[in-house]
Amino acid sequence: AGEPISFTITWGNVGEGKATGVVVTDDLPGDAGLDWSITGSTGTGSTCSISGAVGSEKLTCNVGSIEGNTPASVDDVDDDTKNSGSVTVTSDTTPASCGVVDNTGRITSANDGTNTNDGQITVLCPDIKVTKTPDGGSVDAGDPITWTIKVENLGPGNATGVTLSD
């Protein structure tokens, strides 16, 4: 928690025919503490935008048409920005974002139907604890009193910016 998370959606046309009416969408995860922005794109990813309020944001990429690939270039579709694209969406996280963040990207076309792909990121959160213990149950008047203070992180995530005050 406290570090950004990102999903990259990549698409292309591995068929030999031209794909038309191509639209890529993603109902972005609305988990608490998340607010998405586009942080990068390639090829037809430049057609993307995010709409909606925080918690119900939607990514839409109006790609249009994607030319077909010849059999020799099918294996290279992810590297061929003429015939493919990508977009990266990023959000900061907060302690409210802890846990698994699921996301599903969707591509549709007028002449080839729909395809989806899932991804997930786990936001690890710290669980800080402080224990203050007296060094002894009693003390004579005039003697010093000492305490032991122990700070721990019981969670799987790194705790940053921790301050102890007493």
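(A) Quick peek at the sheet that holds strand β3 (residues 36-43). The strand order across the open sheet formed by three strands is β1-β6-β3, and the pairing between neighbours is antiparallel. In this open sheet, the two edge strands, each paired with only one partner strand, are β1 (5-12) and β3. Strand-to-strand, the axes of this sheet are offset by a mean angle of 15°, without reference to chain direction. Relative to strand β6 (residues 84-91), β3 is paired through seven bridges, and the arrangement is antiparallel.

(B) A look at the nonpolar core. If you look at the biggest cluster of nonpolar residues, it comprises 19 residues, and the most contacted ones within it are Trp11, Trp36, Leu59, Cys61, Val63 and Val87. For this core, the elements supplying multiple residues, two or more each, are β1, β2 (19-27), β5 (58-66) and β6.

(C) Focus on the layout of surface pockets. By volume, the largest pocket is sized at about 640 Å³. Residue assignment for the lining of the largest pocket shows that the elements contributing at least two residues are β1, β2, β7 (99-109) and β8 (113-123). Counted by class, the lining of the largest pocket contains nine nonpolar, 18 polar and six charged residues. As a volume, the second largest pocket reaches approximately 220 Å³. Taken together, 13 residues make up the lining of the second largest pocket; nearest its centre are Ala1, Gly2, Glu3, Leu124 and Asn158. In the lining of the second largest pocket, the residues fall into six nonpolar, six polar and one charged.

(D) Geometry of the pattern of salt bridges. Per the counting criterion, the structure on display carries three salt bridges. With a shortest N-O distance of 3.7 Å, Glu152 and Lys150 are connected by a salt bridge. Since its relative accessible area comes to 24%, Glu152 is described here as partly exposed.

Analysis parameters
Residues numbered from 1 in each chain as written. Predicted model: local features only at pLDDT ≥ 70, side-chain atom pairs only at ≥ 80, totals over all residues. Heavy atoms only, no water. Pairing = 2+ DSSP bridges. Helix = DSSP H or I, 4+ residues; strand = E, 2+ residues; numbered from the N terminus. Axes fitted to C-alpha atoms, helices over the stretch in contact; angles between N-to-C directions. Core = buried A, V, L, I, M, F, W, Y, C linked by side-chain atoms within 4.5 Å. Buried < 20%, exposed > 50% of the residue type's maximum accessible area, 1.4 Å probe, protein only. 1 Å grid on protein atoms, 1.4 Å probe; cavity = no way out; pocket = protein on both sides within 12 Å on 5 of 7 lines; lining within 4 Å. Points joined across faces, edges and corners; volume = space filled by probe spheres on them. Nonpolar A, V, L, I, M, F, W, Y, C, P; charged D, E, K, R; others polar. Salt bridge = Lys/Arg side-chain N within 4 Å of Asp/Glu carboxyl O.

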